[in-house]
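Given next are the chains, with one letter for each unit.
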Amino acid sequence: MNFSKDLSVVILAAGKSKRMKSEIPKVLHQILGQPILFYMLSLVSKLNPKNIFTVVGYEKELVSEYIKNNFPQTKTVTQENQLGTAHAVCMIKRRKGEDFGKNILILPGDSPLVNIETLRKLVENKINSGSAVCVITSIVPDPEGYGRIIKDRNENIIRIVEETDASPEERKICEVNSSIYCFDTKSLFENIEKINTKNTQKEYYLTDIIEMLIKNGKKVNCFKTPDYLEVMGINDRLQLSEVENIMQRKINESLMKNGVTIRDSGSCYIESSVVIDKDVIIEPSCFIKGKTRIGKNSTVGPFCQVMDTDIGEGTRINASVILGSVIGDNNNIGPYSYIRPGTVTGSNVKIGAFCEIKKSEIARGSKVPHLSYIGDTEIGSGVNIGASSVTVNYDGFKKSKTIIGDDVFIGSDTMLIAPVKIGKGAIIAAGSVIYQDVPSNSLAIERGEQKNIKDGAVRYRNRKKLKNTKE
Ligand code: UD1
Ligand code: CA
């Protein structure tokens, strides 16, 4: 059924959300790297409706800014004072010159687990049944905090009662209101302003419209979804964490179904934007975020944080942090290394333990095995960088580049004072401080002369002993 051209969507996102105990508007709190509002707007965009409106109020500049930058086709509508969900809908009605179409789908801003298919079925159900409204409900194990669905003997909805207004008997009802409704535009707008604030919270409840429409002889309908998680709203930090865990589980499950091994799924946080190939193994406690892609047969973890990084095939990354980089095939990285943005490695590169690499290129087969800092550097292929070597890229004023040719051997504890170039095939003796370019195939050595003093050690010890007895 194609209902898109007759459908407007409204997302209610003006509330402050006292229960989050936060100064950040609730819809901007993040789940797996994206604000809650991202999930709501991405979802309804898939319905391709003629309009999407988001009602904003609390910190409306922040919320509007996010919408403008990320969902520019969405219109924001201000509700200055948050007097209730029905009052928020009034703000939509009062917009001049809008063509809303025949149907209006209303969603709260805080229920990101609802399924696109469920939304489609809701709209279809509303249209096919000729109802003035159809509301998504579900039977939940713990209905606390939700509006309860009151039905007659024939299972027809007769009203919705909010928790704070419900009798002890009504509170026992486990079928709850999702706050997701598909309305007949005309019936909604004819009645919305008649809702009053006669309830314990003194708010204009959108839920009151159900009873009102029935009194006006309209047909009202429920669409009960069997997956109760879909109706879960985020009102506090506990629910935020629950929803994040559910989403995380779904992402991990889908990866596992597609051939990725995730050893301790509960400890791995993988954002939905991440792409992982077949036969990749994710070891416990990994955080994989942003636009990351991991090629087949690679192993990441345990204890890795990878963001916006492209990892090739057959690469092994252990207990390391990699940000904004491109890592080649068959690399071996870690444990305990930090690869910073702008790093690009070729195939068969090794970056071992306790290394920091920043904005550097390391070509095929090169090795930085231990305790080194490489920054603003180009390293050719087949290079070996000895332990504890440093490219000294900052003189306190500006950053400079180090260029190391193919097949260079850098001895341990070398300082390369940039800008400096080491020609192909050169060897740098350990402990050197290199401040001039080294031509190809040269051996560079920069050290003080070594003296071996005969019996010097014996004399030294004796002197120390004498001093100690005097004291
Ligand atoms: C609401 C429903 C409840 C339902 C639950 C499902 C009402 C009265 N209650 O309760 O029946 O079970 O959702 O999650 O509708 N908002 C505004 N302007 C306002 C008030 C709220 O835009 O003046 C927005 C909020 O930002 C939020 C949404 O509407 O995104 C729902 O408000 P919230 O306070 O979370 O309602 P609940 O108490 O969860
Ligand atoms: Ca809510």
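Our subject is the structure that appears above.
Bear in mind that the values here come from a model prediction, so they are computed numbers and not experimental data.

**Remarks on the packing of aromatic side chains**
- On inspection of all chains with the given rule, the structure shows eight aromatic pairs.
- Look at Phe53 and Phe100: their rings are 5.5 Å apart centre to centre, the planes differ by 45°, and that puts the pair in the tilted class. Taken as a pair, Phe53 in strand β4 (residues 51–56) and Phe100 in the loop between α3 (85–93) and β6 (103–108) lie far apart in primary sequence, 47 residues in all. Like Phe53, the residue Phe100 is buried in the burial classification.
- When the centroid spacing of 5.5 Å and the interplanar angle of 35° are considered together, the rings of Tyr181 and Phe183 count as tilted. In this structure, Tyr181 and Phe183 share a single accessibility class: buried.
- Every member of this aromatic cluster is reached through a ring pair, and the members are Phe38, Tyr39, Tyr66 and Phe71.

**What to know about the pairing of β4**
- By the criterion of burial, β4 is predominantly enclosed, with six of the six residues buried.
- Neither face of β4 is exposed, since Asn51, Phe53 and Val55 on one face and Ile52, Thr54 and Val56 on the opposite face are all buried.
- Both strand β1 (residues 7–13) and β4 contribute to a ladder of six bridges, which runs parallel. Residue pairing for β4: Ser8 is matched across the bridge by Asn51.
- Two strands pair when backbone bridges link them, and β4 and strand β5 (residues 75–78) are joined in this way by four bridges, in the parallel orientation. Each residue of the ladder has a partner; that of Val55, found in β5, is Val77.
- Chirality of the crossover, the property in question, places the unit of β4, helix α2 (residues 60–70) and β5 among those that are right-handed.

**Details of the coordination of the calcium ion (ligand 2)**
- Donor atoms from the polypeptide that coordinate the calcium ion (ligand 2) comprise Asp110 (OD) and Asn235 (OD1), at 2.3 to 2.4 Å from the metal. Of the two residues, Asp110 sits in the loop between β6 and α4 (116–129) while Asn235 sits in the loop between β11 (220–224) and α8 (237–257), which places them 125 residues apart along the sequence.
- Exposure remark for Asp110: the relative accessible area of 11% places this residue in the buried category.
- Assessed through its relative accessible area of 13%, Asn235 is described here as buried.

**Quick word on the site of ligand 1**
- Around ligand 1 sit 24 residues in total, of which Leu12, Gln79, Gly84, Glu162 and Asn177 are the nearest.
- Leu12 is positioned with one of its backbone polar atoms (N or O) 2.7 Å from an oxygen atom of ligand 1.
- One of the backbone N or O atoms of Gly15 is found 2.8 Å from an oxygen atom in ligand 1.
- Its free accessible area being 750 Å², ligand 1 has 90% of it covered by the protein chains.

The rules behind these values
- Residues numbered from 1 in each chain as written.
- Chains lettered and ligands numbered in written order.
- Predicted model: local features only at pLDDT ≥ 70, side-chain atom pairs only at ≥ 80, totals over all residues.
- Heavy atoms only, no water.
- Phe/Tyr/Trp six-rings, centres within 6.5 Å; stacked < 30°, edge-to-face > 60°.
- Helix = DSSP H or I, 4+ residues; strand = E, 2+ residues; numbered from the N terminus.
- Buried < 20%, exposed > 50% of the residue type's maximum accessible area, 1.4 Å probe, protein only.
- Pairing = 2+ DSSP bridges.
- Right-handed = clockwise from strand over helix to strand, strands pointing away.
- Donors = N, O, S within 2.8 Å, 3.2 Å for Na, K, Ca; no water.
- Near = heavy atom within 4 Å.
- Polar contact = N/O pair within 3.5 Å; in protein donor to acceptor, adjacent residues only side chain to side chain.
- Areas by Shrake-Rupley, 256 points an atom, 1.4 Å probe, with all protein chains shown as cover.

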